Amino acid sequence: MVDHREQPVVEAKMFSNPNVGWWNGGSQIYCDWLCRSERVLKEKDYEAAIEKHGPVPFRAEANQQGLATMFLPAGKQDLGVWHDHLELPVARGARRRQVDLVEGETFQVRLELQPKGTEFLGEWDKLAGVLFGCTGEECRRLMTDEGFRNRIEKVRERYAESDDHTDPALLTNAYSMFSDAFAELGDKKEAQLWRRKSKEQAEKLEGE
């Protein structure tokens, strides 16, 4: 883990929440603490009802070199970071990085953190749903527009083809397409937001 100045980040905690799905619906985080519904009803406090039995797995704290090691199940897993002053940038509408793990192999990932407040998840409220799956009325309204839907599908394809969803070249183009899509709908405020974000990514690209 490194910060925006390329310095190792200490006192940061990397975490993951691998889930196991059940045949009759629902899921549960592997090896996490349990919380029984009957205790929640009795205690009337979710935190107090959690049965804490030993350390929680899938947590790792960075050393003085910013390195952390974690053992995870094979397959696609998400990584997140806790830190008092730094955070992961938003990628695909969330602050996490996905890794694809192979059983018995070691996978190395570089997590670049930025100061908190640099960007906000709320900026994705109107867009994240249509990009990554939604059921809300706002999403359905946006996707009924053929031009908007076609642009979003093209962006989805480019995301799927890219190995790095934080690549400034990818994001410059994607954010510009978001801006054009919202502009065509007459949503000037949203169009300006994504035009600004596209410009920020283009400046990063020039800096590199």
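Let me sum up the structure you'll find in this document. Because the structure is predicted, anything quoted here is derived from the model rather than measured.

This part covers the sheet that holds strand E7 (residues 75-82). Strands sit in the order E6-E1-E7-E9 across an open sheet of 4 strands; the sheet is antiparallel. Bordering the open sheet on either side are strand E6 (59-61) and strand E9 (97-101), each of which pairs with just one other strand. When the angles between neighbouring strand axes are averaged without regard to direction, this sheet yields 30°. Examined bridge by bridge, E7 and E9 share 5 bridges and lie antiparallel to one another. Bridged to Gln-77 within E9 is Val-99.

Let us now look at the nonpolar core. By size, the foremost hydrophobic cluster in this structure holds 17 residues, and its most contacted members are Phe-148, Tyr-159, Tyr-175 and Phe-178. Sorting the residues of this core by element identifies helix H4 (137-143), helix H5 (146-161), helix H6 (168-185) and helix H7 (188-207) as the ones contributing at least two each. Broken down by element, the residue count for this core peaks at 8 residues, all from H6. Counting 16 residues, the second-largest nonpolar core is a separate cluster that includes Met-1, Val-9, Val-81 and Leu-86.

This part takes up the packing of aromatic side chains. Each aromatic ring pair is characterised by the separation of its centres together with the angle its planes make. In this structure the tally under the stated criterion is 5 aromatic pairs. Where Phe-148 meets Phe-182, the ring centres are 5.2 Å apart and the plane angle is 70°; that geometry is what we call edge-to-face. Here Phe-148 is found in helix H5, whereas its partner Phe-182 is found in helix H6, with 34 residues between them in sequence. Taken as a pair, Phe-148 and Phe-182 share a single burial class, namely buried. Look at Tyr-175 and Trp-194: their rings are 5.1 Å apart centre to centre, the planes differ by 55°, and that puts the pair in the tilted class. Of this pair, Tyr-175 sits in helix H6 while Trp-194 sits in helix H7, and the two are 19 residues apart along the sequence.

On the secondary structure map, Ser-176 appears in helix H6. At 3.1 Å, the side chain of Ser-176 forms a polar contact with the side chain of Arg-195. Every residue in contact with Ser-176, bar those within four places of it in the chain, is listed here: Arg-195 and Ser-198.

When the terminal C-alpha atoms of H5 are compared, their 23 Å separation across 16 residues agrees well with the 22 Å that a helix rising 1.5 Å per residue should span. Among the residues of H5, Phe-148, Ile-152, Val-155 and Tyr-159 are the ones counted as buried. Around the axis of H5, the buried residues are gathered within 60° of arc, so they sit on the same side. Exposed side of H5, more than 90 degrees from the buried face: Glu-146, Ala-160 and Glu-161 are the residues found there. Of the residues that open H5, the one with a side-chain oxygen 3.1 Å from the backbone nitrogen of Gly-147 is Asp-145.

Turning to H7, a few remarks are in order. Note that an α-helix has 3.6 residues per turn; residues three or four places apart therefore point the same way. Helix length check: H7, at 20 residues, gives a terminal C-alpha distance of 29 Å against a target of 28 Å (1.5 Å per residue), a fit within 8%. Buried within H7 are the following residues: Glu-190, Ala-191, Leu-193, Trp-194, Lys-197, Ser-198 and Gln-201. Down the axis of H7, the sector holding all buried residues measures 160°, keeping them to one side. For H7, the exposed residues set more than 90 degrees away from the buried face come down to Lys-188, Lys-189, Gln-192, Lys-199, Glu-206 and Gly-207.

Take Pro-57: it is sitting in the loop between strand E5 (50-51) and E6. The residues touching Pro-57, leaving out its near neighbours within four places in the chain, are Tyr-30 and Cys-31.

What counts and how
Residues numbered from 1 in each chain as written. Predicted model: local features only at pLDDT ≥ 70, side-chain atom pairs only at ≥ 80, totals over all residues. Heavy atoms only, no water. Pairing = 2+ DSSP bridges. Helix = DSSP H or I, 4+ residues; strand = E, 2+ residues; numbered from the N terminus. Axes fitted to C-alpha atoms, helices over the stretch in contact; angles between N-to-C directions. Core = buried A, V, L, I, M, F, W, Y, C linked by side-chain atoms within 4.5 Å. Buried < 20%, exposed > 50% of the residue type's maximum accessible area, 1.4 Å probe, protein only. Phe/Tyr/Trp six-rings, centres within 6.5 Å; stacked < 30°, edge-to-face > 60°. Polar contact = N/O pair within 3.5 Å; in protein donor to acceptor, adjacent residues only side chain to side chain. Contact = heavy atoms within 4.5 Å. Expected span 1.5 Å × (residues − 1). Arc of directions from axis to C-beta.

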